[in-house]
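# What the coordinates show
Below are the chains, spelled out letter by letter.
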Amino acid sequence: MDFLVVNFAEILFYCLAVLTVAGGIGVLVFKSPVHGALSLLFCFVMVAALFLLRHAEFLAAVQVLVYGGGIMILFLFVIMLVNIKGLAPEQAYLSRLAPLAIVGGVLLGVLIAFGLVFGTLASGHGDGTGLRMVDGVEIGNTEAIGAVLYTKYLVPFEVVSVVLLVAMIGAIVFGRRTAGLEAGEGGVSHD
Amino acid sequence: MIDATHYVALSLILFCLGLIGVMMRRNFITVLMSLELMFNAVNLNLIAFSFRLSDLAGQVLAIFVITVAAAEAAIGLGLIIALVRLKDTVALDEADVMRG
């Protein structure tokens, strides 16, 4: 029992890490996109819990709201919309290069893991007090992010809104029924 | 004691899973979901080092990454709709023409 109490943070991290990886593997191996999407949702929630452990409370909430709420609903909506009947599941499953892809991915992972094991980049401990402080006064994480985001990082914040606008226009153009330049019903007439 | 190395290792596993998924699957929707997995790995890395350095810059950057991921998801799903209209399939290797 003492072991559980003393090592609570470690046990929590390893449980969450295993569940996160399990969710990620589920995305790869489930043949049905709906099952993959639900597995991905599980993975997102576990990552949000990991954010909480690193004192990123605001980002944990954003992760659940934006990923779990927004992006996941978008995925499920599109899966329902396209309704893939013409494609048998086993036919749509793997590309021809799948063995090569697995070998390449594992090889890259092993290479970076070597750097991680023999390097000293990530060693040492932080305490995370700087994540709650602004100008030496201890406030919450959300307030601290707001204070930094709207002062020091104001220009990137405004630029990102342009990115969102471009993405919105792009999505509308792709989604139009006549997704080209030729004139037609719903399209732009050029004469 | 859990330090940044553990988080980087987990993020490495997630990133490689996403990479394998992007290269391995034929289903466009699943490929996009694997991309989201890779974005999550990057965010995990940023958060871990933000905690290690007690610096909010990592968390602010993670917010921007989430925004870009949302934009990418919207564009990608628009592409899926266009591909289904054109070819009536979501298999990526069927997308072999520049315009339809």
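Definitions and limits used
Residues numbered from 1 in each chain as written. Chains lettered and ligands numbered in written order. Predicted model: local features only at pLDDT ≥ 70, side-chain atom pairs only at ≥ 80, totals over all residues. Heavy atoms only, no water. pLDDT = per-residue confidence, 0-100. Helix = DSSP H or I, 4+ residues; strand = E, 2+ residues; numbered from the N terminus. Contact = heavy atoms within 4.5 Å. Patch = residues over 30% accessible without salt bridge, like charges linked within 9 Å, V, L, I, M, F, W, Y side chains within 5 Å. Areas by Shrake-Rupley, 256 points an atom, 1.4 Å probe, with all protein chains shown as cover. Salt bridge = Lys/Arg side-chain N within 4 Å of Asp/Glu carboxyl O. Buried < 20%, exposed > 50% of the residue type's maximum accessible area, 1.4 Å probe, protein only. Buried area = accessible area lost by both parts, 1.4 Å probe. Nonpolar A, V, L, I, M, F, W, Y, C, P; charged D, E, K, R; others polar.

## With respect to the confidence of the model for chain A
Residues shown with low pLDDT carry predicted positions that ought not to be read at fine detail. All names here are of chain A. When the pLDDT values of chain A are averaged, the result is 84; 86% of them are 70 or greater. Highest mean pLDDT in chain A belongs to helix H3 (residues 33-53) (94); lowest belongs to strand E1 (residues 133-134) (78). Across residues 183-191 the pLDDT falls below 50, and counting only partners more than four positions away or on other chains, this stretch makes 12 contacts in the model.

## Topic: a nonpolar patch on the surface
Residues and elements named next belong to chain A. A cluster of nonpolar residues, Ile102, Val106, Val110, Phe114, Val117 and Phe118, forms a patch on the protein surface that exposes about 600 Å² of accessible area. Topologically, Val106 is positioned in helix H5 (residues 98-118). Taking the relative accessible area as the measure of exposure, Val106 reaches 47% and is therefore partly exposed.

## Points about the interface of chain A and chain B
At the interface, 88 residues of chain A touch 70 residues of chain B. Roughly 7,200 Å² is buried in total at the junction of chain A and chain B, and carbon and sulfur atoms are behind 75% of that figure. In terms of surface lost to chain B, no three residues of chain A exceed A:Leu28, A:Arg54 and A:Phe75, which account for 11% of the buried area on that side. For the interface between chain A and chain B, the tally reads 0 salt bridges. Elements with a contribution of two residues or more to the side of chain A that touches chain B: helix H2 (8-29), H3, helix H4 (57-82), H5, helix H6 (141-149) and helix H7 (154-175) of chain A. The greatest single-element share of the side of chain A that touches chain B, amounting to 13 residues, is contributed by H4(A). A per-class count over the side of chain A that touches chain B returns 61 nonpolar, 19 polar and 8 charged.

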